[in-house]
Amino acid sequence: MQDPPIARGFRGKRPPVANDRIPPGQHLTSDFPVLSAGPTPTTRLESWSLALQNGGALLGKWTWREFEGLPQTRVKVDIHCVTTWSKLDTNWQGVTIDTLLQAAGLSEPPRPYVMLHCDGGYTTNVPVEDLINGKAMIATHFEGKPLSPEHGGPARLLVPHLYFWKSAKWVRRLRFIPHDEPGFWESLGYHLYGDPWREQRYVGD
Amino acid sequence: MSETNTLAGPQRLLWRTAEVREVIDETPRVRSLFLSVTGWSCHRPGQHVDVRLTAEDGYQAQRSYSIASAPEAPQLAITVERIDDGEVSPYLTTEVRVGDRFEVRGPIGGYFVWTAALGGPLFLIAGGSGIAPLMAMLRYRAAVGSDVPALLLYSSRTFADIIYREELNQLAAASDGPSVVHTLTRQQPAGWTGPARRIDRDMLTEIGIAASAQPRVFVCGPTSLVEQTTQSLLALGHEANLIKTERFGPTGAPR
């Protein structure tokens, strides 16, 4: 591998916090940028539902009211967008996938993959192991307030240890599948798994 | 690693060295860089590229920029707006000069893309430097001689902030050229007869392509512009799956 060319006169801004929280190629932002491929969907809470499926079989389904009644969890996590921004210490509230599985009466989830389906047609694939044991939730609140539509409200997946496109906005359905399949961005050149610490941004990374 | 990909299967996108061949100041805050990139594979209009800068001590910073040039152009162009407290854009808009080198990786993204095969009409809506990927589409449309009807509705703060103003005039003046409508939101020159406010539903009704024509709509700009514009388009009957968006900038959400 050749050394990269030096950008003459470039000094950069060194990050103000310890590097061990910022994955390679990322930089800190205090904003919360919005990135979506199409219009923001607006789903009324009265017609909202969340479904859990194994292939085509329904394992569980919750209306907004039922979903709100499930045990809540709060987390403080760092998030990392593939477009290179990272945001530290973000506060979320929602229902963990573990809680959801329990509410559906499942002691063990089907394995090994999940496809997430969202309002607006967005999809993304995540291994089951990355969603359970407290690693992920269906988030409804950000910084103490209901999640705004442009950030994925009323409910989005939060799986903070993967690049943020995996934390699907406007999620409505989790479908367990026997083989890994690419979702929306994964079909368009982005990495199937998306680990920011291994800088898995694009296919082949 | 081989440059030619004869085997099936995913090929990793490589960092490639880009050399700055030309620099054009588009507005006081915006600069276009024309790059020659060894081994660059052809992009599609609307795609973007990752830029990586390496300092002398090895420190690196990378960002994504839309590609502004047509695939047919001899050099890869990006158009960068300076963010005053930014890290990469101040370098690219003030420090960089012809002959400087850094790295690029791409092309990236395959959704916010228009090619002539996708048909039209083509309805482009831009705010500020969000014009860049849409300019790639208009430059491509001209380069391949497409006669797909095209309309650009472009929102800038002031007349001096209009990026590519001369080239847009030339494109619009050509036979089969696109229609170009500017709206100036902050300040208008004396005698300005065009729209002078943010893009709203009335403007989309008066100036835009009707939903019944089923235009391919591409919207790129600040989050507020994209959110408001796309909600208005949906209300006017445009189908969500014909509206593609790229947003930049914060929402003003709680910090």
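Calculation criteria
The numbering scheme is per chain: residues are counted from 1 as the chain's sequence reads. In the order they appear in the text, chains get letters beginning with A and ligands get numbers beginning with 1. Whole-chain, interface and lining totals are the exception, using all residues; otherwise, since this is a predicted model, local features are given only for residues with pLDDT of at least 70 and side-chain atom pairs are given and counted only at 80 or more. A pair of strands counts as paired when DSSP detects no fewer than two bridges linking them. We count a stretch as a helix when DSSP gives it H or I for four or more residues in a row; a strand needs E for two or more, and each element gets its number in order from the N terminus. Note on geometry: axes are lines fitted to C-alpha atoms, helical ones only across the stretch in contact, with angles between N-to-C directions running from 0 to 180 degrees. Placing a C-beta atom from the backbone of each residue, one calls two residues in contact when those atoms lie within 7 Å. Side-chain classes are defined by residue name, with Ala, Val, Leu, Ile, Met, Phe, Trp, Tyr, Cys and Pro counting as nonpolar, Asp, Glu, Lys and Arg as charged, and the others, Gly among them, as polar. In this analysis, the expected span of each helix is defined as 1.5 Å times one less than the number of residues it contains. Exposed residues have 12 or fewer other C-beta atoms within 10 Å of their own C-beta, buried residues have 20 or more, and residues in between are partly exposed; the C-beta atoms are placed from the backbone. Any nonpolar core is a set of buried residues, restricted to Ala, Val, Leu, Ile, Met, Phe, Trp, Tyr and Cys, that join up through C-beta atoms within 7 Å. Each domain span listed reflects an automatic or database assignment of domains.

Peer 1: For the sheet that holds strand 2 (residues 49-54) of chain A, give the residues involved together with the corresponding values.
Peer 2: Residue and element names in this part refer to chain A. In spatial order, the strands read 3-2-11-6-7; together these five strands make up an open sheet with mixed pairing. The open sheet has two edge strands, strand 3 (57-63) and strand 7 (123-127), and neither has a second partner. Averaged over all pairs of adjacent strands, the angle between strand axes in this sheet comes to 15 degrees, irrespective of strand direction. Direction of pairing for strand 6 (residues 113-118) relative to strand 11 (residues 171-177): antiparallel, over a ladder of six bridges. Its bridge partner lying in strand 11, Leu-116 is registered against Leu-174.

Peer 1: Tell me what's going on with the interface of chain B and chain A, and back it up with residues and numbers.
Peer 2: Listed as interface residues are 44 residues of chain B and, on the opposing side, 39 residues of chain A. Only strand 3 (48-54), strand 4 (60-66), helix 1 (89-95), strand 6 (101-108), helix 5 (223-235) and strand 11 (243-248) of chain B provide two or more residues apiece to the side of chain B that touches chain A. Tallied by class, residues from the side of chain B that touches chain A come to 18 nonpolar, 14 polar and 12 charged.

Peer 1: With reference to specific residues and values, describe helix 5 of chain B.
Peer 2: Three or four residues apart is the spacing at which side chains of an α-helix point the same way, because the helix has 3.6 residues per turn. Residue and element names in this part refer to chain B. Here helix 5 is 13 residues long and its end C-alpha atoms lie 18 Å apart, about the 18 Å a rise of 1.5 Å per residue gives. Here helix 5 has its buried residues at Thr-223, Leu-225, Val-226, Glu-227, Thr-229, Thr-230 and Leu-233. Where the residues of helix 5 are buried, they touch strand 7 (122-127), strand 8 (150-156), helix 4 (201-207), strand 10 (216-222) and strand 11. Of the residues flanking the end of helix 5, it is Gly-237, one or two places downstream, whose phi is positive at about 100 degrees.

Peer 1: Residue-level account of the nonpolar core, with values.
Peer 2: Counting residues in hydrophobic clusters, the biggest one holds 99 residues, and the most contacted among them are Ile138(A), Leu124(B), Leu134(B) and Phe218(B). Residue contributions to this core reach at least three from each of two domains, namely domain 1 (16-108) and domain 2 (116-248) of chain B. In this structure Ile138(A) touches Leu50(A), Gly94(A), Val95(A), Leu100(A), Ala155(A), Leu157(A) and Val171(A), once residues within four positions along its chain are discounted.

Peer 1: Explain the domain arrangement of chain B to me, and be specific about the residues and the numbers.
Peer 2: All names here are of chain B. The domains assigned to chain B are domain 1 (16-108) and domain 2 (116-248). When each unit is reduced to the centre of its C-alpha atoms, the spacing between domain 1 and domain 2 is 24 Å. Domain 1 puts 16 residues into the contact, and the matching count from domain 2 is 15 residues. Among the secondary structure elements, those contributing two or more residues to the side of domain 1 that touches domain 2 are strand 1 (16-27) and strand 5 (76-81).

Peer 1: Outline the pairing of strand 4 (residues 73-80) of chain A, supporting the account with residue identities and numerical values.
Peer 2: With seven bridges joining them, strand 4 of chain A and strand 5 (residues 85-96) of chain A adopt antiparallel strand pairing. Each residue of the ladder has a partner; that of His80(A), found in strand 5 of chain A, is Ser86(A).

Peer 1: So what about the sheet that holds strand 9 (residues 179-184) of chain B? Which residues, and what values?
Peer 2: Residues and elements named next belong to chain B. Taken in spatial order, the five strands make up an open sheet running 9-8-7-10-11, and their pairing is parallel. Strands with a single pairing partner mark the edges of an open sheet, and in this sheet they are strand 9 and strand 11. Adjacent strand axes in the sheet meet at a mean angle of 10 degrees, parallel and antiparallel pairs treated alike. Both strand 7 and strand 10 contribute to a ladder of five bridges, which runs parallel. When the bridges of strand 10 are listed, Phe-123 appears paired with Val-217.

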